[in-house]
Amino acid sequence: MKNKYLIIFFLISFSSFLYAAKQTWKLLKDDGLHDPDNPALTLLQEPGEALLQLPPDNTGNMVSWVAALRENYITPRSNIYPDTKVEVLDMDIILENTGEMPMVRFPHKPHTEWLDCSNCHDAIFKKKVGANPINMFDILNGRYCGRCHGAVSFPLTECLRCHSVPRNTFKGKVGAQPERK
Ligand code: HEC
Ligand code: HEC
Ligand code: HEC
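Keep in mind the model is a prediction, meaning the values are calculated, not measured. (Residues numbered from 1 in each chain as written. Chains lettered and ligands numbered in written order. Predicted model: local features only at pLDDT ≥ 70, side-chain atom pairs only at ≥ 80, totals over all residues.)

**Q** Honestly, the overall build of the protein chain in this entry has me stumped. Any pointers?
**A** Along its length, the protein chain carries 7 helices and 3 strands. If you take every contact in the protein chain between residues at least 6 apart in sequence, the share linking residues at least 24 apart comes to 46%. (Helix = DSSP H or I, 4+ residues; strand = E, 2+ residues; numbered from the N terminus. Contact = placed C-beta atoms within 7 Å.)

**Q** Would you mind showing me how to read the site of ligand 1 here?
**A** Lining the immediate environment of ligand 1, one finds 21 residues, of which C117, C120, V129, N132 and A176 sit closest. The set of elements that each furnish at least two residues to the shell around ligand 1 consists of β1 (92-95), α4 (108-112) and α5 (117-120). Classifying every residue of the shell around ligand 1 by side-chain character gives 11 nonpolar, 7 polar and 3 charged. (Near = placed C-beta within 6 Å. Nonpolar A, V, L, I, M, F, W, Y, C, P; charged D, E, K, R; others polar.)

**Q** Whenever I open this one, the confidence of the model for the protein chain confuses me. Can you help?
**A** Looking at the protein chain as a whole, its pLDDT mean stands at 91, while 88% of the residues score no less than 70. Here residues 16-20 is a poorly scored stretch, pLDDT under 50, and it has 2 contacts once near neighbours within four places are set aside; other chains count. (pLDDT = per-residue confidence, 0-100.)

**Q** Explain the sheet that holds strand β3 (residues 175-176) here, please?
**A** One key point about sheets: their strands pair by backbone hydrogen bonds, in either a parallel or an antiparallel sense. The strand order across the open sheet formed by 3 strands is β2-β1-β3, and the pairing between neighbours is antiparallel. Unpaired on one side and paired on the other, β2 (104-107) and β3 mark the two borders of the sheet. Direction of pairing for β1 relative to β3: antiparallel, over a ladder of 2 bridges. By the bridge assignment, I93 is partnered in β3 with A176. (Pairing = 2+ DSSP bridges.)

**Q** Whenever I open this one, the site of ligand 3 confuses me. Can you help?
**A** Neighbouring ligand 3 are 21 residues; P110, C145, C148, S153 and F154 lie closest to it. Sorting the residues of the shell around ligand 3 by element identifies α3 (65-70), β2, α4, α5 and α7 (159-162) as the ones contributing at least two each. The element best represented in the shell around ligand 3 is β2, accounting for 3 residues.

**Q** What am I meant to see in the pairing of β1 here?
**A** Consecutive residues of a regular strand have side chains that alternate between opposite faces of the sheet. Examined bridge by bridge, β1 and β2 share 4 bridges and lie antiparallel to one another. Bridge assignment links I93 to a residue of β2, and that residue is F106.

**Q** What exactly am I supposed to notice about the environment of K181 here?
**A** Examined against the element boundaries, K181 turns out to sit in the segment after β3. For K181, a count of 4 C-beta atoms within 10 Å translates into the label exposed. For the pair K181 and M91, spaced 90 residues apart in sequence, the C-alpha to C-alpha distance is 9.0 Å. (Buried ≥ 20, exposed ≤ 12 C-beta atoms within 10 Å, placed from the backbone.)

**Q** What's the story with unusual backbone geometry in this structure? I'm lost.
**A** Leaving glycine aside, a negative phi is the common case for residues, and trans is the common case for peptide bonds. For the bond from H121 to D122, the omega torsion is -5°, close enough to zero to count as cis. If you trace the backbone, D122 turns up in the loop between α5 and α6 (136-140). Unlike most non-glycine residues, N72 shows phi in positive territory, near 60°. If you trace the backbone, N72 turns up in the loop between α3 and β1. According to the C-beta neighbour criterion, N72 is exposed, with 7 such atoms within 10 Å. Backbone geometry places Y144, a non-glycine residue, at a positive phi of 50°. The residue Y144 is located in the loop between α6 and α7 in this model. With 18 C-beta atoms counted inside 10 Å, the residue Y144 sits in the partly exposed group.

As structure tokens, this is what we get:
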């Protein structure tokens, strides 16, 4: 089990080293989704043309969406119905069952800037620390964090974006951290 992750880890560090940095996007005619023979293709905006203007990232679709939102590059509508309560929660959860890997910091803030509580609670995560048997196998199979990461948010190959808390330097209690107001 451990070896499997080690291999994945090295493969990933190596490939991200090879492809590091450069922001590039496939042309619509080469993306395998659009019909290159369709003459109407020229009417569509190329992804690169739109996305190059946003804060860069070095993975996924090469945009830091967290920064794009916070720095007001984009201002998506936060609710459709006027009576929907928009709630941003600034509370981190430190998850410790990570074997040899650094612990995981789950930050509520960047999630609730995009999502409603009900997007996760309780269908994906029960609203209680430790109540969810989260593990990497299930995540890689599209459950828990993997419902979004690797699909619509940054890919699962970015191990250290989630596993960001070294066990030996972390002081304090794991689980829910005090809420920042
Ligand atoms: C992207 C998914 C996601 C969203 C959206 C989300 N949460 Fe959570 N929440 C989690 C995860 C993951 C945990 C930790 C579960 C665990 O440890 O098993 C958690 C835990 C909690 C806990 C438990 C803390 C404790 O002390 O046990 C509370 C309370 C909570 N969330 C409230 C909220 C509220 C309120 C919102 C909306 C403002 C929200 N969450 C939105 C994923 C989410
Ligand atoms: C989207 C966030 C996320 C990413 C990306 C991620 N992990 Fe995890 N990982 C988790 C969470 C959450 C847990 C469960 C922690 C808990 O329940 O206490 C976990 C658990 C683990 C565990 C513990 C054993 C197990 O089977 O659950 C290992 C090992 C692990 N991850 C390795 C990796 C490696 C290697 C990568 C990169 C290829 C990676 N993770 C990427 C969130 C992530
Ligand atoms: C319902 C969808 C959803 C789920 C489930 C989810 N995330 Fe996310 N996550 C997002 C979105 C959307 C963003 C912001 C866009 C991006 O960074 O790709 C994000 C961003 C993040 C960030 C980056 C924050 C920053 O400041 O850049 C971390 C770390 C993260 N998620 C960890 C996790 C972990 C760990 C889990 C599981 C415990 C998880 N996420 C579950 C949707 C989700």
